[in-house]
Amino acid sequence: MGAAMRRIHVGNALSAFGLGFTVPYLYVYVAQVRGLGSVTAGLVLAVFAVAALIVLPFAGRAIVRRGPLPVLLVALVTAALGALSLGLSASAATVLLSAAALGAGQAVMQPALATMIVDCSTTETRSRAFAMQFFLQNLGLGVGGLIGGHLVDTTSASSFTLLFAIEAAMFLVLVAVMATVRAPRAPRIEEAPGQKAGGGSWRQLLGNRAMVQLCVLGFVLFFACYGQFESGLSAYGVEAAGISTSALGTALAANTLVIVVAQFAVLKFVERRKRSRVIASVGLIWAVAWAVAGYAGLGHGSQAMATAAFISTYALFGLGEAMLSPTLAPLVADLAPTGLAGQYNSAFALVKQLALAVGPAVGGPLGASLHGPYIVTFLLFSLGITVLAVRLGRRLTDVQNQPSLARSRVVTHGGTPAGADAAAATAEA
């Protein structure tokens with residue numbers, strides 16, 4: 001890694017550490033500590049994502065035209081203000097506004113950081129760069145969640161205020177770290193005279209059928225997993241399985257531990273296989289995770305068995321996430337034409353946030369009250385991931401689906417540049 005990539009990864013770890021203090025406890029904080037109820041908690045989590053839907057189309061355009069670093073710095077300051085305000089809020093209105101600011105800031109960070117990683121990596125190093133990013137993010141998230149779970153007190157709002165203040169501080173530290181990054185200058189796309197700003201790049205993206213199918217698949221992935229972590233699954237654990245706040249923190253730590261232990265071993269496995277098959281395998285693993293969660297809340301075992309099953313659910317999700325981290329983001333980058341990585345990253349982040357907007361609104365109330373239907377619904381969504389991944393594989397070129405083939409061709413063709421094969425593959429798409 002170069003100096004720029006090291007700073008990007010360190011910044012990711014620091015911000016994730018701050019997020020770990022609050023992410024697992026948003027439902028408990030809004031519904032119980034502030035006494036606003038489960039419906040309001042679900043709405044807050046939905047607004048958290050809806051705010052992102054408003055800013056991401058503009059973020060993609062700004063990243064393409066101005067570069068990712070200025071956009072990232074603005075997003076970090078916005079998120080810091082939102083986090084601090086959320087920790088001080090006591091009414092539904094102020095909680096909603098604070099969640100909107102925090103959600104918008106966090107959402108814009110994703111495509112900005114992803115574009116910086118693309119700019120600072122090559123086709124050969126990109127999968128490992130995104131795997132390292134995910135590894136450090138989850139390490140910070142898990143450590144923060146484990147510590148936060150043992151610091152919070154549901155009878156004291158001030159303990160949650162402290163956690164949100166720590167989160168805001170981590171965002172500001174990340175501002176200082178990112179301000180020193182000197183990333184390579186990537187090509188920028190200028191609008192043609194008389195053309196509506198951003199219109200051409202969006203039309204080009206929507207005309208890429210492989211990218212459209214990847215976005216549909218991404219929606220289901222995020223809806224069935226990440227959209228439930230902060231709402232439906234935690235609500236289900238608390239209401240159906242009797243999980244405590246400290247157990248929620250332990251479950252998140254188990255999720256992180258699996259990623260930390262398995263990430264680079266999984267990376268070696270993933271790099272030698274088709275991306276579509278890797279994603280299809282994740283759908284099957286997550287289906288098993290939902291079945292285990294069903295036992296935790298609907299089985300008739302002891303509380304210890306229910307807690308162990310609930311923690312195992314998060315661990316299985318972690319295994320799937322470790323397989324996705326070197327797969328999804330590099331695939332988005334490989335599908336993007338030169339100079340439009342920011343636009344494609346923002347579009348994929350937009351799909352993610354749409355899933356995170358719908359996911360909590362559906363999963364929160366469903367997980368808190370209709371336990372059986374909740375498990376069955378998301379088990380079926382996980383199986384749907386497998387079906388969609390197989391269909392996506394038919395749309396990708398051989399090199400897009402399995403980048404290791406480009407390196408193989410260097411040997412087979414006696415030194416033909418891998419980049420030429422990749423460029424030809426992109427042109428065919």
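Trainee: I'm lost on the overall build of the protein in this one. Help?
Mentor: Helix and strand counts for the protein stand at 20 helices and 0 strands. The buried share of the protein, taken over its 429 residues, is 55%. In the structure as shown, the protein presents an accessible area of about 16,500 Å², 66% of it carried by carbon and sulfur atoms.

Trainee: Before we go on, may I ask you to explain helix α2 (residues 26-33) in this structure?
Mentor: Every α-helical turn comprises 3.6 residues, leaving residues that sit three or four positions apart pointing alike. Across the 8 residues that make up α2, a large majority, 7, are buried. Phi for Gly35, located one or two positions after α2, is positive at around 65°.

Trainee: Is there a simple way to think about the packing of helix α12 (residues 245-271) against helix α14 (residues 303-324) in this case?
Mentor: What describes two packed helices is the angle between their axes and the distance between those same axes. Where α12 meets α14, the closest approach of the two axes is 7 Å, and the angle between their N-to-C directions is 30°. Compared by their axis directions, α12 and α14 come out roughly parallel. Seen along the crossing, α12 lies across α14 with a hand that is right-handed. Its residues assigned to classes, the contact of α12 with α14 comprises 18 nonpolar, 5 polar and 1 charged.

Trainee: How should I be thinking about helix α15 (residues 328-335) in this particular structure?
Mentor: Judged by how many residues are buried, α15 sits mostly within the fold: 7 of 8 residues are covered. The set of residues buried in α15 consists of Leu328, Pro330, Leu331, Val332, Ala333, Asp334 and Leu335.

Trainee: I keep staring at the confidence of the model for the protein and nothing clicks. Help me out?
Mentor: Atom-level detail of predicted coordinates should not be read off regions where pLDDT is low. Scored by pLDDT, the protein comes out at a mean of 80, with 90% of its residues at no less than 70. In the model, residues 410-429 has pLDDT below 50 throughout and makes 20 contacts with residues more than four positions away in sequence or in other chains.

Trainee: Where do I start with the side chain of Gln106 in this structure?
Mentor: With respect to the helices and strands, the residue Gln106 is situated in helix α5 (residues 92-119). Classification of Gln106 by relative accessible area gives buried; the value is 13%. Excluding residues that lie within four positions of it along the chain, Gln106 makes contacts with Leu19, Phe48, Ala79, Glu167 and Phe171.

Trainee: What should I look at first to understand the environment of Gln353 in this one?
Mentor: Mapped onto the elements, Gln353 comes out in helix α16 (residues 341-369). Judged by relative accessible area, which is 4%, Gln353 ranks as buried. Taking the C-alpha atoms as reference, Gln353 lies 8.8 Å from Ala51; in sequence the two are 302 residues apart. Each residue touching Gln353, except ones within four places of it in the same chain, is listed here: Ala49, Ala52, Leu53, Leu56, Ala107 and Gln110.

Trainee: Would you take a moment to explain the pattern of salt bridges for this structure?
Mentor: According to the stated counting rule, one finds 3 salt bridges in the structure shown. Where Arg126 meets Asp334, a salt bridge forms, and the shortest distance between an N and an O atom there is 3.9 Å. Residue Arg126 is found in helix α6 (residues 126-151), and its partner Asp334 is found in helix α15; the two are separated by 208 residues along the sequence. Accessibility classification places Arg126 together with Asp334 in one group, the buried group. Taken together, the salt bridges that share partners define one network made up of Arg126, Arg275 and Asp334.

Trainee: What exactly am I supposed to notice about the nonpolar core here?
Mentor: Most often, soluble globular proteins keep nonpolar side chains buried together rather than apart. Judged by nonpolar contacts, the single largest core of 128 residues is most densely connected at Met178, Met211, Leu214, Trp286 and Phe310. With 12 residues, α5 is the largest single contributor of residues to this core. Apart from the residues lying within four places of it in its own chain, the contact partners of Met178 are Arg7, Ile8, Gly11, Leu69, Leu72, Leu73, Leu76, Leu113 and Met116.

Trainee: Would you explain a nonpolar patch on the surface in this entry?
Mentor: On the surface, Leu139, Val143, Ile147 and Leu151 cluster together into a nonpolar patch covering about 300 Å² of accessible area. When you line up the elements, Ile147 lands in helix α6.

Trainee: Honestly, the packing of α15 against α16 in this entry has me stumped. Any pointers?
Mentor: Interhelical geometry of α15 versus α16 gives an angle of 135° and a closest axis separation of 9 Å. As judged from the angle between their axes, α15 and α16 are oblique. The chirality of how α15 crosses α16 is right-handed. Facing Leu328, Val332 and Leu335 of α15, the residues of α16 in contact are Tyr344, Asn345 and Phe348. Grouping the amino acids of the contact of α15 with α16 by side-chain chemistry returns 5 nonpolar, 1 polar and no charged.

Parameters at a glance
Residues numbered from 1 in each chain as written. Predicted model: local features only at pLDDT ≥ 70, side-chain atom pairs only at ≥ 80, totals over all residues. Heavy atoms only, no water. Helix = DSSP H or I, 4+ residues; strand = E, 2+ residues; numbered from the N terminus. Buried < 20%, exposed > 50% of the residue type's maximum accessible area, 1.4 Å probe, protein only. Areas by Shrake-Rupley, 256 points an atom, 1.4 Å probe, with all protein chains shown as cover. Axes fitted to C-alpha atoms, helices over the stretch in contact; angles between N-to-C directions. Parallel < 35°, antiparallel > 145°, perpendicular 65-115°, else oblique. Left-handed = near helix turned anticlockwise from the far one by under 90°. Nonpolar A, V, L, I, M, F, W, Y, C, P; charged D, E, K, R; others polar. pLDDT = per-residue confidence, 0-100. Contact = heavy atoms within 4.5 Å. Salt bridge = Lys/Arg side-chain N within 4 Å of Asp/Glu carboxyl O. Core = buried A, V, L, I, M, F, W, Y, C linked by side-chain atoms within 4.5 Å. Patch = residues over 30% accessible without salt bridge, like charges linked within 9 Å, V, L, I, M, F, W, Y side chains within 5 Å.

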